[in-house]
Amino acid sequence: MSQKRHPRESYQNIAHAHTNSIKFVAFYQLECMTSYLDFEKPIADFEAKLAEMKQIASEKKVDLKDAIGKFEEQLKELKKETYGNLTRWQRVQLSRHPDRPYSLDYIKGICEEFIELHGDRTVRDDKAMIGGFGRIGTQTLLFVGQQKGRNTKQRQMRNFGMANPEGYRKALRLMKLAEKFNKPIVTLIDTPGAFPGIEAEQRGQGEAIAHNLREMFMLKVPIICIIIGEGASGGALGIAIGDRVLMLENTWYSVISPESCSSILWRSWEYKEQAAEALCLTAEDMKKNKLIDGIIKEPLGGAHTQAEKMYDVVKKAILDQLKKLDKLEVEERIAQRIDKFCKMGVYNEKD
Amino acid sequence: MSWFKRTEKNIQTPTDKKRETPEHLWHKCSSCKRVMLTRELQNNYYTCLYCNHHERINSAEYFAILFDKNQFTEMDTKLTSADPLHFEDTKTYPARVKVAQQKTGLKDAVRTAYGKMNGEELVIACMDFQFIGGSMGSVVGEKIARAIDKALNLKIPFLMISRSGGARMMEAGFSLMQMAKTSAKLALLDKAGIPYISLLTDPTTGGVTASFAMLGDFNIAEPGALIGFAGPRVIRETIGRDLPEGFQTAEFVLENGFLDFIVHRKDLKDELTSLLSMLKDPTAEKS
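Note on numbering: residues in each chain are counted from 1, in written sequence order. Whichever chain is written first is A, and whichever ligand is written first is 1; the rest continue in order. The model is predicted, so local features are restricted to residues of pLDDT at least 70 and side-chain atom pairs to those at 80 or more, both for listing and for counting; the totals for chains, interfaces and linings are taken over all residues. Side-chain figures throughout are based on the complete set of non-hydrogen atoms in the structure, without hydrogens or water.

Glancing now at the overall build of chain B. The number of helices and strands found in chain B is nine helices and 10 strands. Residue exposure (1.4 Å probe, protein chains only): buried if accessible area is under 20% of the type maximum, exposed if over 50%, otherwise partly exposed. Looking at chain B as a whole, 51% of its 287 residues are labelled buried. The contact definition used throughout considers only heavy atoms, calling two residues in contact when any of these lie within 4.5 Å. Partitioning the intrachain contacts of chain B with sequence separation of at least 6 by distance along the chain shows that 67% fall at a separation of at least 24. Note that accessible areas follow from Shrake-Rupley with a 1.4 Å probe, and for residues the cover is restricted to the protein chains shown. Of the roughly 14,400 Å² that chain B leaves accessible, carbon and sulfur atoms contribute 49%. In DSSP terms, a helix is any run of H or I states spanning at least four residues, a strand is any run of E spanning at least two, and both are numbered starting from the N terminus.

Structure follows, in structure tokens:
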């Protein structure tokens, strides 16, 4: 019912719509609109051929069942091979896939009800950072997350998912509300960084993020953080202090984007692939280095290929973790949260 | 006809008798370009005699300025950088660290110590910009975390002197998490009611600004220091226009409400002492 009061945003383009009535349209649009990344070109060619075969089969009433079946089998193999051996840079590309679900897609896909809340009560409402209370069954949760846009107009409105200080302050305001009403917090991270602008500096971008870091450690309710796309630096960390930090399989999380890293260390934008390798920024790397708590598997080809399935997996992950976190006493949970982050880091200590 | 006549041709002084100006005798201010004796500069707390420009100094100088008689106990001197990611750009990370260590004689980009300032105990962590731009990796994060622990255990104030370009890229995710680690410790310090003063010096940017440097009970700065989250070049490139004059200076940050005050280096020790003494509980017994 709340969704009626807060009309779905048009960015939720039709390829992501999931009601039965428009399934056909959605399929049709998907066919036309699916965007492929450079390394997906062979798959795209394959799929185009397959579509052509199917069309011929139906138009000319010829039986191509066997051929199509064989072709589909080969396509499956090709996909397995491509997506099973992704380089770090390819994962970065997937994390930015234009069809990838964004924060509001997840929230609406996961919750039966969601009421979005706005504003930091000081400056304005930052559209790059969204938040509100959502309900799964009888469980109310507070969601906050960076939000990207689907088309040019919305990308601009969402500032490409780059929050200003008021965004971080809005997030903290809502998290304090969650603490007040004893509701767990889920943060969804998807940002190329905190916005570097004149006003952002004037309003204390650094202070806003720093403040969130310190305050999130002391929040009495469980916090689950999920990196759903890009996790760039302080802009990501500003809402990523939690009892559990999880990454979707095809996302990245690091201190700097590969492009910026390349431009600083190699003094050129051309070394982004090497930079991605050097930064060890994938979910697998981060888990191996004990910098995150877990990885959430994505469907073959990425979250966007089966968004509905992805929402279910994420929902299950949230509820599973919540069950474990609920068992802990407040003080214990906070102590564990602090302790976990304090153990991070590798150094030598000898004479 | 000339007044003087040179009787011997060429320079006759042998090379070993040659008298050179001792190195570092003179200092040219990096701001107003005027020249002064280095000794005078030192006596003036490394600030220009003419324009008050604060030269960049390192932990050794700050410790000498702040700790009584330059007496202090340094902590965790054995911590050095590992190379968890085997990071390599145009150089390997261990090679970069080694060069920095040789050049500076330091182990990493922060030194931590405790001692007395005007008779009162405190812990000071001070960053060294000359060591890979004062960047924060695991060693910096860990040393600051342990320094905060020390302040917690001894129940004495903590002073952080920041001078850093931000997180150290070569430790990627590990560096990022040092922001979280130091903030976690500061949350504990905050809860324990122990004063934390953050002194921001030129420059303080990036992940350092976005974590411990901005979390002081008192955020103070040296005059003219560059303080910001994003660097000026990045902002200029992002918004595609020139930045206003004085943007991201300490004065700008003070005006925008993120600093408590700006303090001249020669007044630093006494100002800090006054501030901390005002916070003390007058009824508490002196131990």
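This next bit is on the nonpolar core. By nonpolar core we mean a set of buried residues, namely Ala, Val, Leu, Ile, Met, Phe, Trp, Tyr and Cys, connected to one another through side-chain atoms within 4.5 Å. Membership of the largest hydrophobic core comes to 114 residues, with the highest contact counts inside it found for Tyr 253 of chain A together with Phe 158 and Phe 212 of chain B. Among the elements that take part in this core, helix H5 (residues 172–191) of chain B stands out by supplying 10 residues, more than any other. Look past the residues within four positions of Phe 212 of chain B in its chain and what remains in contact with it is Met 127, Met 136, Ile 144, Met 160, Ser 162, Thr 182, Leu 186, Tyr 196 and Ser 198 of chain B. Of all hydrophobic cores here, the second largest spans 27 residues; its members include Phe 114, Leu 141, Leu 188 and Ile 226 of chain A.

All names here are of chain A. Spanning 20 residues, helix H15 (residues 307–326) covers 28 Å between terminal C-alpha atoms, matching the ideal 28 Å at 1.5 Å per step. Of all the residues in H15, the buried ones are Ala 307, Met 310, Tyr 311, Val 314, Ala 317, Ile 318, Gln 321, Leu 322 and Leu 325. Projected onto a plane normal to the axis of H15, the buried residues spread over an arc of 130° and lie on a single side. Seen from the buried face of H15, the exposed residues on the opposite side, beyond 90 degrees, are Lys 316 and Lys 323. By definition here, a helix of n residues has an expected span of 1.5 Å times n minus one. The arc in question is traced by the directions running from the helix axis to the C-beta atoms.

Counting residues at the interface gives 51 residues for chain A and 57 residues for chain B. Defined here as a combined quantity, buried area equals the accessible surface (1.4 Å probe) lost by two parts on assembly, summed across both. Interface area for chain A against chain B, summed over the two sides, is near 4,700 Å², with a carbon-plus-sulfur share of 73%. Put simply, a salt bridge is a Lys or Arg side-chain nitrogen that is within 4 Å of an Asp or Glu carboxyl oxygen. At the junction of chain A with chain B, the criterion picks out one salt bridge. Put simply, Glu 349 of chain A and Arg 146 of chain B hold a salt bridge, and the shortest N to O gap is 2.8 Å. Nitrogen and oxygen atoms within 3.5 Å of one another constitute a polar contact, given that in protein one can donate a hydrogen and the other can accept it, and given that sequence-neighbouring residues count only through two side-chain atoms. Run the count over chain A and chain B and you get 12 residue pairs in polar contact (both at pLDDT 80 or more). Broken down by element, the side of chain A that touches chain B gets its largest block of residues, nine residues, from helix H10 (residues 205–217) of chain A. When DSSP finds two or more bridges between two strands, those strands count as paired. Note that strand E9 (residues 347–349) of chain A and strand E4 (residues 79–81) of chain B share three bridges and pair antiparallel. Among the inter-strand pairings, Glu 349 of chain A is bridged to a residue of E4 of chain B, identified as Leu 79 of chain B.

Residue and element names in this part refer to chain B. Reading across from one edge, E3-E5-E6-E7-E8-E9-E10 is the order of the seven strands in this open sheet, with mixed pairing throughout. One side of each edge strand has no neighbouring strand; the edge strands of this open sheet are strand E3 (72–75) and strand E10 (261–262). Note that E3 and strand E5 (residues 110–117) share four bridges and pair antiparallel. Counted as the bridge partner of Thr 73 is Tyr 114 from E5.

It is worth spelling out the domain arrangement of chain B at this point. Residue and element names in this part refer to chain B. Segmentation of chain B into domains returns domain 1 (1–55) and domain 2 (58–279). Taking the mean C-alpha position of each, domain 1 and domain 2 sit 34 Å from one another. Counting residues at the interface gives six residues for domain 1 and nine residues for domain 2. Summing both partners gives a buried area of about 700 Å² for domain 1 against domain 2, and 61% of it is carried by carbon and sulfur. Three residues, Tyr 45, Tyr 46 and His 54, lead the burial of domain 1 against domain 2; their summed loss comes to 77% of the area buried on that side. The interface formed by domain 1 and domain 2 holds five residue pairs in polar contact (both at pLDDT 80 or more) in total. What counts as a domain boundary in this text is fixed by an automatic or database domain assignment.

Bringing the pattern of salt bridges into the picture now. Residues and elements named next belong to chain A. Applying the stated criterion across every chain yields a total of 38 salt bridges over all chains. Residue Glu 230 pairs with Lys 148 through a salt bridge whose shortest N-O separation is 2.7 Å. Taken as a pair, Glu 230 in strand E5 (residues 223–232) and Lys 148 in the loop between strand E3 (139–146) and helix H7 (152–157) lie far apart in primary sequence, 82 residues in all. Lys 148 carries the same exposure label as Glu 230, and that label is buried.

Looking now at the pairing of strand E7 (residues 158–164) of chain B. Residues and elements named next belong to chain B. Counted residue by residue, E7 has seven buried out of seven residues, so it is predominantly covered. Here E7 shows no split at all, with Phe 158, Met 160, Ser 162 and Ser 164 on one side and Leu 159, Ile 161 and Arg 163 on the other all buried. As paired elements, strand E6 (residues 120–127) and E7 share four bridges and run parallel to each other. Looking at the pairing, Cys 126 lines up with Ile 161 of E7. Running through helix H4 (residues 138–154), the crossover from E6 to the neighbouring parallel element E7 is right-handed. Taken together, the six bridges between E7 and strand E8 (residues 196–204) define a ladder with parallel strand orientation. Throughout, right-handed denotes a crossover for which the path from the first strand over the helix to the second runs clockwise when the strands point away from the viewer.

Looking now at the packing of H4 of chain B against H5 of chain B. Residues and elements named next belong to chain B. Across the interface, H4 lies against H5 with an axial gap of 9 Å and an inter-helix angle of 5°. In terms of axis orientation, H4 runs roughly parallel to H5. Contacts from Ser 138, Gly 141, Glu 142, Ile 144, Ala 145, Ile 148, Asp 149, Ala 151 and Leu 152 of H4 reach H5 at Phe 174, Gln 178, Lys 181, Thr 182, Lys 185, Leu 186, Leu 188 and Leu 189. Across the contact of H4 with H5, the residue classes tally to nine nonpolar, four polar and four charged. Note on geometry: axes are C-alpha line fits, over the in-contact stretch for helices, and angles between N-to-C directions span 0 to 180 degrees. Throughout this description, any angle smaller than 35 degrees is read as roughly parallel, any larger than 145 degrees as roughly antiparallel, any in the 65 to 115 degree range as roughly perpendicular, and the remainder as oblique. The classification used treats Ala, Val, Leu, Ile, Met, Phe, Trp, Tyr, Cys and Pro as nonpolar, Asp, Glu, Lys and Arg as charged, and all other residues, Gly among them, as polar.

Moving on, we come to the environment of Phe 129 of chain B. All names here are of chain B. By the secondary structure assignment, Phe 129 is in the loop between E6 and H4. Residue classification places Phe 129 among the partly exposed residues on the basis of a relative accessible area of 23%. Setting aside residues no more than four positions away along its own chain, Phe 129 makes contact with Arg 56, Asn 58, Gly 134, Arg 163, Ser 164, Gly 165 and Pro 203.

Let us look at the confidence of the model for chain A. Any region with low pLDDT has predicted coordinates that should not be read closely. Across chain A, pLDDT averages 89, with 91% of residues at or above 70. How sure the predictor is of each residue is captured by pLDDT, a score from 0 to 100. Confidence drops under pLDDT 50 across residues 1–32 of chain A; counting only partners more than four residues distant or on other chains, this segment forms 41 contacts.

Turning next to the packing of aromatic side chains. Two numbers describe a pair of aromatic rings. These are the distance of the centres and the angle of the planes. Aromatic pairing here means that ring centres of Phe, Tyr or Trp (its six-membered ring) are within 6.5 Å. Orientation follows from the plane angle: under 30 degrees is stacked, over 60 is edge-to-face, and everything else is tilted. Taken as a whole and assessed by the stated rule, the structure comprises nine aromatic pairs over all chains. Plain terms: the ring middles of Phe 217 of chain A and Phe 341 of chain A are 5.4 Å apart, the flat faces sit at 90° to each other, and that makes the pair edge-to-face. On the criterion of sequence distance, the pair formed by Phe 217 of chain A in helix H10 and Phe 341 of chain A in helix H16 (residues 330–342) is long-range, its members being 124 residues apart. Taken individually, Phe 217 of chain A and Phe 341 of chain A each receive the classification buried, so the pair is uniform in this respect. Look at Trp 266 of chain A and Tyr 271 of chain A: their rings are 5.8 Å apart centre to centre, the planes differ by 10°, and that puts the pair in the stacked class. Put simply, the rings of Phe 63, Phe 67 and Phe 72 of chain B touch in pairs and so form one group of aromatic residues. We count a charge as sitting over a ring when the NZ of a lysine or the CZ of an arginine lies within 6 Å of the ring centre and within 35 degrees of the ring normal. Directly above the ring of Tyr 102 of chain A sits Arg 150 of chain A, whose terminal nitrogen or CZ lies 4.0 Å from the centroid.

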